[in-house]
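A closer look at the structure
Below, each chain spelled out in residue letters.
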Amino acid sequence: MARQGLSRALVTASWLAEAVRAGRVGAGLRVLDASWYPPKERNARQEFKERHIPGASFFDIEECRDKSSPYDFMLPSESQFADYVGGLGVSNDTHVVVYDGDEVGTFYAPRAWWMFRAFGHKEVSVLNGGFKNWVKEGHPVTAEVTQPTPAVFKARLNRALVKTFDEMVQNVSSLKFQVVDSRPEGRFRGTELDQGLESGHIPGAVNIPFHSFLSETGHEKSIEEIQEIFRAKNVDLSKPLTATCRKGVTACQIALAAFLCGKRDVAVYDGSWSEWFHRAPPHYKVSEVKRGKA
């Protein structure tokens, strides 16, 4: 079976199942479960221990982050990322496939995909349809936890793929890049709470909820459908684009969708609304609720 191109952002369940069957999971191909759920809802690590794709390791997004930051899931340092993924057996020559077990099909996996790309690793793919469809299609699962041989990974942050608070503030007036917000419409408009925070959005941002890019089965929509979604919101993929959300997770779905259309330089505002809400001046937080009270 021909190996899918390493530059591809997606691999199919059938391709990965064949790789597992052929015993190719190892130093050259690592499979990572990047699931995360609200603690009161599900336990991602426990679910991984109970069943996962054979040969997979658990990519703990709670561990692989900047723990000194007051904001959720901010990127770790180059050395922290290198040490963490090296411990999972990932080298600079490894093809990494990430997935998660969310019911929508894919939720946190694109964040892991983007993290690898942000630290200079191009050979990384998302399992299209996620673990949900892997199971649905009858592919093997196991409770056996493998211990990968540690590898050396050299990380180099590509700052072009990461936007800071200051850069986002400057863009409000300069409009150097487009901003797409992947949160649900109510949170973008400010009509519903955003996980405990008052909601709203960055001035000039366009709203495309991340699930817009997923089919009813949880797979990525076709390139043609994705391109039409961007066009309908007047987002020009030939121009600079930054994605944002609540905490830098579903924004990575925007980056993935654009990547599938050939745009590989979408940046993610790592702090997203979590940081913007706490640091931006009031007039930089657009909310229909606030306008209604004025």
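Going by the structure above, here's the rest.
Only a predicted model underlies this, so the values are computations on that prediction, with no experimental measurement involved.

1. A few points about the sheet that holds strand β3 (residues 57-58)
Within a sheet, adjacent strands bond to each other through the backbone by hydrogen bonds, running parallel or antiparallel. Taking strand neighbours across the sheet as the criterion, the five strands line up as β1-β5-β4-β2-β3 in an open arrangement whose pairing is parallel. Only two strands of the sheet have a single neighbouring strand rather than two, namely β1 (10-11) and β3.

2. What about the sheet that holds strand β7 (residues 178-181)?
Spatially, five strands are ordered β6-β10-β9-β7-β8 in an open sheet, and the strand pairing comes out parallel. For this open sheet the edge positions go to β6 (162-163) and β8 (206-207), each flanked by a neighbour on one side alone. Relative to strand β9 (residues 241-244), β7 runs parallel, the two sharing four bridges. Along β9, the bridge assignment pairs Val 180 with Ala 243.

3. Remarks on helix α4 (residues 109-118)
Counting buried positions along α4 gives ten out of ten residues, so the element sits mostly inside the fold. Burial in α4 covers these residues: Ala 109, Pro 110, Arg 111, Ala 112, Trp 113, Trp 114, Met 115, Phe 116, Arg 117 and Ala 118. Just past α4, the residue Gly 120 takes up positive phi, approximately 90 degrees.

4. Focus: the environment of Glu 123
When you line up the elements, Glu 123 lands in the loop between α4 and β5 (124-127). Look at Glu 123 and you get partly exposed, because its relative accessible area is 24%. Separated by 146 residues in sequence, Glu 123 and Tyr 269 place their C-alpha atoms 22 Å apart.

5. Description of the environment of Ser 69
By the secondary structure assignment, Ser 69 is in the loop between β3 and α3 (78-87). Among the residues examined, Ser 69 registers a relative accessible area of 16% and is labelled buried. Linking Ser 69 and Gly 138, residues 69 residues apart in sequence, is a C-alpha distance of 41 Å. Separated by 3.1 Å, the side chain of Ser 69 and the backbone nitrogen of Tyr 71 make a polar contact.

6. Observations concerning the packing of aromatic side chains
Per the counting criterion, the structure on display carries 19 aromatic pairs. Summarising the aromatic geometry, the rings of Trp 36 and Tyr 108 are spaced 5.4 Å apart at their centres and angled 45 degrees between planes, so their arrangement reads as tilted. With Trp 36 in the loop between β2 (29-33) and α2 (44-50) and Tyr 108 in the loop between β4 (95-99) and α4, this residue pair connects regions lying 72 residues apart in the sequence. With respect to burial, Trp 36 and Tyr 108 carry one shared label: buried. Connected via pairs of aromatic rings, a cluster forms that spans Phe 59, Phe 81, Tyr 84, Phe 116, Phe 119 and Phe 153. Against the face of Tyr 37 rests Arg 42, its NZ or CZ located 3.9 Å from the ring centre. Sitting above the plane of the Phe 277 ring, Lys 285 keeps its charged end 4.9 Å from the centroid.

7. Concerning unusual backbone geometry
A positive phi angle, close to 55 degrees, is found at Leu 175, a residue other than glycine. For Leu 175, the location among the structural elements is in the loop between α6 (165-174) and β7. Assessed through its relative accessible area of 61%, Leu 175 is described here as exposed.

8. Considering the nonpolar core
Most often, soluble globular proteins have nonpolar side chains that are buried together. In terms of nonpolar packing, the biggest core is built from 51 residues, with Phe 59, Phe 81, Trp 113, Trp 114, Phe 116 and Phe 230 touching the most fellow members. Of all the secondary-structure elements, those providing two or more residues to this core are α3, β4, α4, β5, α8 (223-232), β9 and α9 (251-260). If near-sequence neighbours (up to four positions away) are discounted, Phe 81 is found in contact with Phe 59, Cys 64, Pro 76, Met 115, Phe 116, Phe 119, Phe 153 and Ala 155. If you look at the next biggest cluster of nonpolar residues, it comprises 20 residues, including Val 11, Trp 15, Ala 17 and Val 97.

9. Looking at the packing of α6 against helix α10 (residues 272-279)
Put simply, α6 and α10 touch, their axes get as near as 11 Å, and they point 70 degrees apart. Put simply, α6 runs roughly perpendicular to α10. Contacts from Phe 165, Asp 166, Met 168, Val 169 and Val 172 of α6 reach α10 at Glu 275, Trp 276 and Arg 279. Among the residues making up the contact of α6 with α10, the classes are represented as five nonpolar, no polar and three charged.

10. Observations concerning the pattern of salt bridges
Evaluation of the coordinates by the stated rule reveals 13 salt bridges. Two residues, Arg 189 and Glu 288, come together in a salt bridge whose shortest N-O distance is 2.9 Å. Of the two residues, Arg 189 sits in helix α7 (residues 185-189) while Glu 288 sits in helix α11 (residues 288-293), which places them 99 residues apart along the sequence. Since its relative accessible area comes to 30%, Arg 189 is described here as partly exposed. Exposure remark for Glu 288: the relative accessible area of 32% places this residue in the partly exposed category. In this structure, a network of salt bridges that share partners links the residues Glu 185, Arg 189 and Glu 288.

What counts as what
Residues numbered from 1 in each chain as written. Predicted model: local features only at pLDDT ≥ 70, side-chain atom pairs only at ≥ 80, totals over all residues. Heavy atoms only, no water. Pairing = 2+ DSSP bridges. Helix = DSSP H or I, 4+ residues; strand = E, 2+ residues; numbered from the N terminus. Buried < 20%, exposed > 50% of the residue type's maximum accessible area, 1.4 Å probe, protein only. Polar contact = N/O pair within 3.5 Å; in protein donor to acceptor, adjacent residues only side chain to side chain. Phe/Tyr/Trp six-rings, centres within 6.5 Å; stacked < 30°, edge-to-face > 60°. Lys NZ or Arg CZ within 6 Å of the ring centre and 35° of its normal. Core = buried A, V, L, I, M, F, W, Y, C linked by side-chain atoms within 4.5 Å. Contact = heavy atoms within 4.5 Å. Axes fitted to C-alpha atoms, helices over the stretch in contact; angles between N-to-C directions. Parallel < 35°, antiparallel > 145°, perpendicular 65-115°, else oblique. Nonpolar A, V, L, I, M, F, W, Y, C, P; charged D, E, K, R; others polar. Salt bridge = Lys/Arg side-chain N within 4 Å of Asp/Glu carboxyl O.

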